[in-house]
Amino acid sequence: MENSIYKTPGGQQAIMALYDSFLSSWPVPYRTQTVNTRYGDTSMILCGDEALPPLILLHGASSNATAWAGDAAAYSRHFFVIVVDVIGEPGRSAPTRPPWTGDAYAEWLADVLDGLKIKAASLLGLSQGGWIALKFAVCYPQRVQKLVLLSPAGVVPTKPSFILRAMACTLLGRRGTQWLNRYVFGGKPIEPRVEQFMDLILLHVQPRFDGEYIFNDEELARLNMPVFLVGGTRDVIRSIEAMQTRLRPLLPGLHSAILPDTGHVLVNTTDLVLPFLLK
């Protein structure tokens, strides 16, 4: 499959069928929209009153917009919620995968906001989605009202132990993917349909092997908007304690929450995040 992020057409079809299943049970009224950007078409799920302040939700790597299904209802009571399918991931946006170096992802998200005629918004990103939110906020701080980072990439390097385990799991097929997903969740229960989706993605989507980009101090010091950092003590990918230690001197007004006995994938965080966004 030339220029595809999928290993086989059948794998793509299985993932898209489950995507449609999640969308059919979306908890609030919604509409979908596609915006053209310089990096390809970008699909999104829109919910909430368009007169409310805009909130952009950015999912992590090897995921798509349906990852936010459990949070959409709570956020859409207070915001016009734009749930974006990130390019190059197993959603409905273009398969384009720009390098992590350079400003491509910030330019892409700027095009998305321009296509929606939004001058500024609050951003909420999980994991690699947190990296994209950070990149946009570093490049366009005037367009970010508030920034919420859930277990974000880009602040501290990924733990070598996780990289080695993830590489080993890719050699074990379905058994390896199931173990890796439970490992990333920190031992917490995974809703069966969510686990099915995660397993399908790891089995059928081409992984990325390009190196991560860690923001330097000068870049992070440009974050002049309110920032909320959230992570779990059992995050096997990156240390939330190390992130907080690094960001505190650079962002004196940083808000943060470290959740005990919680892994990398954060779920049911709306009660924690909404007070920050609404104050």
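Residues numbered from 1 in each chain as written. Predicted model: local features only at pLDDT ≥ 70, side-chain atom pairs only at ≥ 80, totals over all residues. Heavy atoms only, no water.

Undergrad: Explain the pattern of salt bridges to me, please; I cannot follow it from the model alone.
TA: Where charged atoms from two side chains of opposite charge come close, those side chains can pair. Applying the stated rule across the entire model yields eight salt bridges. The closest approach of N and O atoms between Arg31 and Glu50, which form a salt bridge, is 2.8 Å. Highlighted residues: Arg31 in strand S1 (residues 31-37) and Glu50 in the loop between strand S2 (40-47) and strand S3 (54-58), separated in sequence by 19 residues. Residue Asp111 is joined to Arg38 by a salt bridge in which the shortest nitrogen-to-oxygen separation is 2.8 Å. Of this pair, Asp111 sits in helix H3 (residues 104-115) while Arg38 is found in the loop between S1 and S2, placing the two residues 73 residues apart along the sequence. Accessibility expressed as a relative area gives 51% for Arg38, which makes it exposed. (Salt bridge = Lys/Arg side-chain N within 4 Å of Asp/Glu carboxyl O. Helix = DSSP H or I, 4+ residues; strand = E, 2+ residues; numbered from the N terminus. Buried < 20%, exposed > 50% of the residue type's maximum accessible area, 1.4 Å probe, protein only.)

Undergrad: Would you mind showing me how to read the pairing of strand S5 (residues 121-126) here?
TA: For a regular strand, the rule is simple: side chains alternate between the two faces of the sheet. With six of six residues buried, S5 lies mostly within the body of the structure. Side chains Ala121, Leu123 and Gly125 of S5 all project onto a buried face; the interleaved residues Ser122, Leu124 and Leu126 project onto the opposite face, where all are buried too. Note: S3 against S5, four bridges, orientation parallel. Within the sheet, the bridge partner assigned to Leu58 lies in S5 and is Gly125. (Pairing = 2+ DSSP bridges.)

Undergrad: I keep staring at the packing of aromatic side chains and nothing clicks. Help me out?
TA: The geometry of an aromatic ring pair comes down to the distance between the two centres and the angle between the two planes. One pass over the structure, following the stated rule, counts 10 aromatic pairs. The interplanar angle of 80° and the centroid separation of 6.4 Å between the aromatic rings of Tyr105 and Trp108 together place this pair among those described as edge-to-face. Placement of both Tyr105 and Trp108 in helix H3 is noted, with a separation of three residues, approximately one turn of the helix. Comparing Tyr105 with Trp108 shows no difference in burial state: the two are buried. By the ring-pair criterion, three or more aromatic residues cluster together here, those being Trp100, Tyr105, Trp108, Trp131, Tyr213 and Phe215. Cation over ring: Lys135 sits above Tyr213, and NZ or CZ is 5.3 Å from the ring centre. Positioned above the aromatic ring of Phe276 is the side chain of Lys146, whose terminal nitrogen or guanidinium carbon lies 5.2 Å from the ring centre. (Phe/Tyr/Trp six-rings, centres within 6.5 Å; stacked < 30°, edge-to-face > 60°. Lys NZ or Arg CZ within 6 Å of the ring centre and 35° of its normal.)

Undergrad: Whenever I open this one, the sheet that holds S5 confuses me. Can you help?
TA: For sheets, the rule is that strands pair by backbone hydrogen bonds, running either parallel or antiparallel. What the eight strands build is an open sheet, ordered S1-S2-S4-S3-S5-S6-S7-S8; its pairing is mixed. In this open sheet, the two strands that pair with only one neighbour each are S1 and strand S8 (255-259). Pairs of neighbouring strands in the sheet enclose a mean axial angle of 20°, with direction left out of account. Across five bridges, S5 lies against strand S6 (residues 144-150) in parallel orientation. (Axes fitted to C-alpha atoms, helices over the stretch in contact; angles between N-to-C directions.)

Undergrad: I tried to follow the packing of H3 against helix H4 (residues 128-139) on my own but got confused; where do I start?
TA: What describes two packed helices is the angle between their axes and the distance between those same axes. Following both chains from N to C, one finds H3 and H4 inclined at 80°, their axes separated by 8 Å at the closest point. Between H3 and H4, the crossing angle belongs to the class labelled roughly perpendicular. Across the interface between the two elements, Tyr105, Ala106, Trp108, Leu109, Ala110 and Leu113 of H3 pack against Trp131, Ile132, Lys135, Phe136 and Cys139 of H4. (Parallel < 35°, antiparallel > 145°, perpendicular 65-115°, else oblique. Contact = heavy atoms within 4.5 Å.)

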